[in-house]
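Examination of the molecular architecture
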Amino acid sequence: MAHESDEVDRIVGAWRTQRPDLDFSPLGVLSRVDRLSRHLDRARRDAFRRSELESWEWDVLSALRRSGEPFQLSPKQLLQQTLVSSGTMTNRIDRLVGRRLVRREADPADGRSVLVTLTDEGRTRVDAAITRLVDAEAQLLDALPRPDREKLAGLLRKLSLGFDG
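Read on for an overview of the structure. This one's a predicted model, so the numbers in the text were calculated from it and none came from an experiment.

Each helix and strand in the protein was counted, giving seven helices and three strands. In the protein, the succession of α and β elements from N to C terminus is α-α-α-β-α-α-β-β-α-α. Relative to the compact-globule value of 15 Å for 165 residues, the protein shows a C-alpha radius of gyration of 21 Å, a clear excess of over 25%. Overall, the protein is about 70 × 30 × 25 Å in size when its C-alpha atoms are taken along their principal axes. Burial statistics for the protein: of 165 residues in total, 24% are counted as buried. For the protein, long-range pairs separated by at least 24 residues make up 47% of all intrachain contacts whose partners lie at least 6 apart in sequence. Surface summary for the protein: the accessible area is close to 11,700 Å², and the carbon and sulfur share equals 53%. When the 29 positive and 27 negative side-chain charges of the protein are each reduced to one mean point, those points stand 1 Å apart.

Using the criterion set out here, one finds two aromatic pairs in the structure. With centroids separated by 6.1 Å and ring planes inclined at 20°, the aromatic side chains of Trp15 and Phe24 adopt a geometry described as stacked. A residue is classified by how much of its surface remains accessible, and Trp15, at 44% relative accessible area, is partly exposed. Judged by its relative accessible area of 9%, Phe24 is buried. For the pair Phe48 and Trp58, a centre-to-centre distance of 5.0 Å together with 25° between the ring planes defines the contact as stacked. On the criterion of sequence distance, the pair formed by Phe48 in helix 2 (residues 25–50) and Trp58 in helix 3 (residues 55–66) is long-range, its members being 10 residues apart.

What follows concerns the sheet that holds strand 2 (residues 102–107). The strand order across the open sheet built from three strands is 1-3-2, with neighbouring strands paired in antiparallel fashion. A single partner strand is all that each edge strand has here, and the edge strands are strand 1 (72–73) and strand 2. Pairing of strand 1 with strand 3 (residues 110–118) involves two bridges; the strand directions are antiparallel. By the bridge assignment for strand 3, Leu73 is matched with Val116.

Here is what the cut-offs are and how they apply
- Residues numbered from 1 in each chain as written.
- Predicted model: local features only at pLDDT ≥ 70, side-chain atom pairs only at ≥ 80, totals over all residues.
- Heavy atoms only, no water.
- Helix = DSSP H or I, 4+ residues; strand = E, 2+ residues; numbered from the N terminus.
- Rg over C-alpha atoms; globule rule 2.2 N^0.38 Å.
- Buried < 20%, exposed > 50% of the residue type's maximum accessible area, 1.4 Å probe, protein only.
- Contact = heavy atoms within 4.5 Å.
- Areas by Shrake-Rupley, 256 points an atom, 1.4 Å probe, with all protein chains shown as cover.
- Lys, Arg positive; Asp, Glu negative; His and termini not counted.
- Charge placed at Lys NZ, Arg CZ, Asp CG, Glu CD.
- Phe/Tyr/Trp six-rings, centres within 6.5 Å; stacked < 30°, edge-to-face > 60°.
- Pairing = 2+ DSSP bridges.

Next comes the structure, spelled out in structure tokens:
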């Protein structure tokens, strides 16, 4: 079955002509993943910007929102989910408190510890952002019917499990 050519096909074809000794099949997959990643980054930045959030703010707020009621995590739990240093996380929490998107509360289980809690304003922002994000990502996948999306997700999962270990 013939298929439409894209820019990656043209690049790979040119390389095959110049270096017929090499297998360019990895380029056919990963160059497309790279190009799609750039489109995804742009869509995400736009969704966050329209919700007046920076991507680092999204990382923290979405971790709190995904945790479910009462939308509260310790700074240590936030560190584990966002993979930044302790100093960076303290700074981020300070800035989010300043924007009234989160608040710090004493941990009832340990008076010396704090919990970070999503405020109503923070929840409104993160819910608007995820709605925009899901819509934008659905548009990026428009060309694929659901069974193809599920197959692609499975293949990408299989590939990424090799790196996430």
